[in-house]
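Spelled out from the first residue to the last, the chains are:
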Amino acid sequence: MELNILHQLFLNCTSITTDTRKIEAHSFFIALKGDRFDANTFAKEAINKGASYVVIDNNDYYIDHRTILVEDSLVTLQALANFHRNYLNLPIIALTGSNGKTTTKELIYAVLSQKFNVKATVGNLNNHIGVPLTLLSFASSTEIGIIEMGANHQKEIEFLCKIAQPDFGYITNFGKAHLEGFGGFEGVIKGKSEMYHFLKVQDKKVFINLDDAIQVQKSDSISNYSFSTKDKNATVFITDINAGPFVSVTYDTTIIQSQLVGIYNANNINAAITVGHYFNVDTNLIKKAIENYAPTNNRSQLSTKDSNQLILDAYNANPSSMAVALQHFIQVEASNKIAFLGDMFELGDESLKEHQALIMSLLEATEIEFFFVGESFCNVQINRPNFHFFATFETLQAYVSALKFENKYILIKGSRAMALERIIPLL
């Protein structure tokens, strides 16, 4: 079937999904295959649940005219998304980076929504499937689209940019994340910078942080809109940053008080201010949007449980995000501090070195009790009175359940697979 005809069928539907559990009446279902599933087998179920059309790539599951047979369902999804993006022809902002992508996306969305009808990536749908689904969620009423792009290997950002064809790009930072897939830190820089290359070739624009030397170097000769806390020649100059307990920044004599903890979130806020400034959002509306934004999904959430204060930052972790989170935690003026730290994944051959380096960086923080969880930390454990090592969450659970936590200031951070939020009921 021609792509333009397929697109017309899609436009006649109310939603698109690849999950039969999310089928709605008159939805458009695309059957994808994975290592452990084949959604072609659910084609009939999708029709029975109300889907108007199902796209399959296995003729054995053909039903009737409502079934669209293609050579490859995933390739069709991506091509349809690109066609839809060009059909709408709206400005699209793409975001990537090692840390802070989702928080920055949510802040930019909050700011731009003060003036425009904005659609953005939901949750972490930021890969070769999530990006197309996000693009296909945009409608003719959408005025600006925001696409988050994740990657764990070379050429992935390049591929996602070809699908989304962004008009603007922002890279939050270059950190030690997915080192195994990228082939080390230099590989991370190369892989993330694929966005810069795409925008340069297409003569588009980037938002950059002039305080980040790598951003400045890699975005050289690309049209940019900048922010800085040091360079007064930046388009947006941030005159002051205050760390706590929640981060605040001062822009254009306006103090913006966020609900985010950690000085590392200042750049995420500054990026949102800069994007808002570019799109002529009033400063008071920028302030309102940022101040009303509250983090969710285990990202830099400050909460109180009984007499304890918790910083829950357990959505993910890598050496870079761990370093800044711990730096902030150590500097906070509080007594009775405890940190629960889970293994950092996808580090490949660098794993042992990076876990050891993190532990060594904490040797002088003798006033904090550290609970390290996971095999990687246990492989490099160091004997200190305030260091406690547990190979599994279950062994930690047994130990912690016997303790009493009162008036503690607690950090919880680890990779997603560690699911360290499970600690909270034990406190």
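Look up: the structure comes first, before these words.
Keep in mind that this is a model prediction, so the values were computed, not measured.

(A) Structural view of the overall build of the protein. Helix and strand counts for the protein come out as 16 helices and 19 strands. For the protein, the C-alpha radius of gyration of 23 Å lies close to 22 Å, the compact-globule estimate for 427 residues. Over its C-alpha atoms, taken along the principal directions, the protein stretches across nearly 70 × 55 × 40 Å. The buried share of the protein, taken over its 427 residues, is 53%. Contacts in the protein between residues far apart in sequence, at least 24 positions, make up 61% of those at least 6 positions apart. For the protein, the accessible surface area stands at approximately 19100 Å², while carbon and sulfur atoms represent 47% of it. Across the protein, the mean location of the 35 positive side-chain charges is 2 Å away from that of the 44 negative side-chain charges.

(B) Representation of the nonpolar core in the model. Membership of the largest hydrophobic core comes to 70 residues, with the highest contact counts inside it found for F28, L135, M149, L341, L358, F370 and F372. Examining the composition of this core, we find that 5 residues originate from one element, helix α6 (residues 156–164), more than from any other. Filtering out sequence-adjacent residues up to four positions away, F28 remains in contact with L6, L9, F10, C13, S15, I16, T17, Y53, V55, I68 and L80. By size, the runner-up hydrophobic cluster in this structure holds 36 residues, among which are I93, V247, V249 and Y293.

(C) View of the sheet that holds strand β14 (residues 301–305). What the 6 strands build is an open sheet, ordered β14-β15-β19-β16-β17-β18; its pairing is mixed. Lying at the two open borders of the sheet, with one neighbouring strand each, are β14 and β18 (387–390). Neighbour-to-neighbour, the strand axes of the sheet open up by a mean angle of 20 degrees, direction not taken into account. The pairing of β14 with strand β15 (residues 308–313) spans 5 bridges and is antiparallel. Directly across from L302, in β15, lies its bridge partner I311.

(D) Fine view of the environment of R384. Among the secondary structure elements, R384 is positioned in the loop between α15 (375–379) and β18. Among the residues examined, R384 registers a relative accessible area of 33% and is labelled partly exposed.

(E) Molecular detail of unusual backbone geometry. Positive phi, normally seen in glycine, also occurs at N89, with a value near 55 degrees. Positionally, N89 belongs in the loop between α3 (73–88) and β5 (92–96). N89 gets classed as exposed once you look at its relative accessible area, which sits at 63%. Non-glycine residue E346 carries a positive phi angle of around 60 degrees. Along the chain, E346 falls in the loop between β16 (337–342) and α14 (351–360).

(F) Examining the pattern of salt bridges more closely. Across all of its chains, the model carries 16 salt bridges by this definition. Note that K413 and D313 form a salt bridge whose closest N and O atoms lie 3.2 Å from each other. Placement of the pair is K413 in strand β19 (residues 409–413) and D313 in strand β15, with a sequence separation of 100 residues.

(G) Layout of the pairing of strand β13 (residues 254–257). Burial along β13 is one-sided: the face carrying T254 and I256 is buried and the face carrying I255 and Q257 is not. Relative to β13, strand β12 (residues 248–251) runs antiparallel, the two sharing 4 bridges. Paired with S248 across the bridge in β13 is Q257. Linking two consecutive strands that pair antiparallel, namely β12 and β13, is a turn of 2 residues; a positive phi of about 55 degrees is found at D252 within it.

(H) Structural context of the packing of α6 against helix α9 (residues 194–201). Running from N to C, α6 and α9 point in directions that differ by 40 degrees, and their axes come no closer than 8 Å. Of the possible angle classes, the one that applies to α6 and α9 is oblique. Crossing of α6 against α9: the hand is right-handed. Where α6 abuts α9, its residues E156, I157, E158, C161 and K162 lie against E194, M195 and F198. In the contact of α6 with α9, the residues fall into 4 nonpolar, no polar and 4 charged.

(I) Region of interest: the sheet that holds strand β1 (residues 15–17). Taken in spatial order, the 4 strands make up an open sheet running β1-β2-β3-β4, and their pairing is parallel. Only two strands of the sheet have a single neighbouring strand rather than two, namely β1 and β4 (67–69). Averaged over all pairs of adjacent strands, the angle between their axes in this sheet comes to 20 degrees, without regard to strand direction. Note that β1 and strand β2 (residues 27–30) share 3 bridges and pair parallel.

(J) Geometry of the packing of aromatic side chains. The full count for this structure, using the stated rule, is 23 aromatic pairs. Between Y225 and Y278, the ring centres sit 4.9 Å apart and the planes meet at 85 degrees, which makes this aromatic pair edge-to-face. Residue Y225 is found in strand β10 (residues 223–228), and its partner Y278 is found in helix α11 (residues 266–278); the two are separated by 53 residues along the sequence. Among the residues examined, Y225 registers a relative accessible area of 16% and is labelled buried. By relative accessible area, Y278 is classed as partly exposed at 26%. Following the ring pairs from residue to residue traces out a cluster consisting of F116, F168, F207, Y225, Y278 and F279. Across the ring face of F329, the terminal group of K337 is positioned such that the distance to the ring centre comes to 5.5 Å. Over the aromatic face of F393 sits the side chain of R422, whose NZ or CZ is 3.9 Å from the ring centroid.

Conventions we followed
- Residues numbered from 1 in each chain as written.
- Predicted model: local features only at pLDDT ≥ 70, side-chain atom pairs only at ≥ 80, totals over all residues.
- Heavy atoms only, no water.
- Helix = DSSP H or I, 4+ residues; strand = E, 2+ residues; numbered from the N terminus.
- Rg over C-alpha atoms; globule rule 2.2 N^0.38 Å.
- Buried < 20%, exposed > 50% of the residue type's maximum accessible area, 1.4 Å probe, protein only.
- Contact = heavy atoms within 4.5 Å.
- Areas by Shrake-Rupley, 256 points an atom, 1.4 Å probe, with all protein chains shown as cover.
- Lys, Arg positive; Asp, Glu negative; His and termini not counted.
- Charge placed at Lys NZ, Arg CZ, Asp CG, Glu CD.
- Core = buried A, V, L, I, M, F, W, Y, C linked by side-chain atoms within 4.5 Å.
- Pairing = 2+ DSSP bridges.
- Axes fitted to C-alpha atoms, helices over the stretch in contact; angles between N-to-C directions.
- Salt bridge = Lys/Arg side-chain N within 4 Å of Asp/Glu carboxyl O.
- Parallel < 35°, antiparallel > 145°, perpendicular 65-115°, else oblique.
- Left-handed = near helix turned anticlockwise from the far one by under 90°.
- Nonpolar A, V, L, I, M, F, W, Y, C, P; charged D, E, K, R; others polar.
- Phe/Tyr/Trp six-rings, centres within 6.5 Å; stacked < 30°, edge-to-face > 60°.
- Lys NZ or Arg CZ within 6 Å of the ring centre and 35° of its normal.

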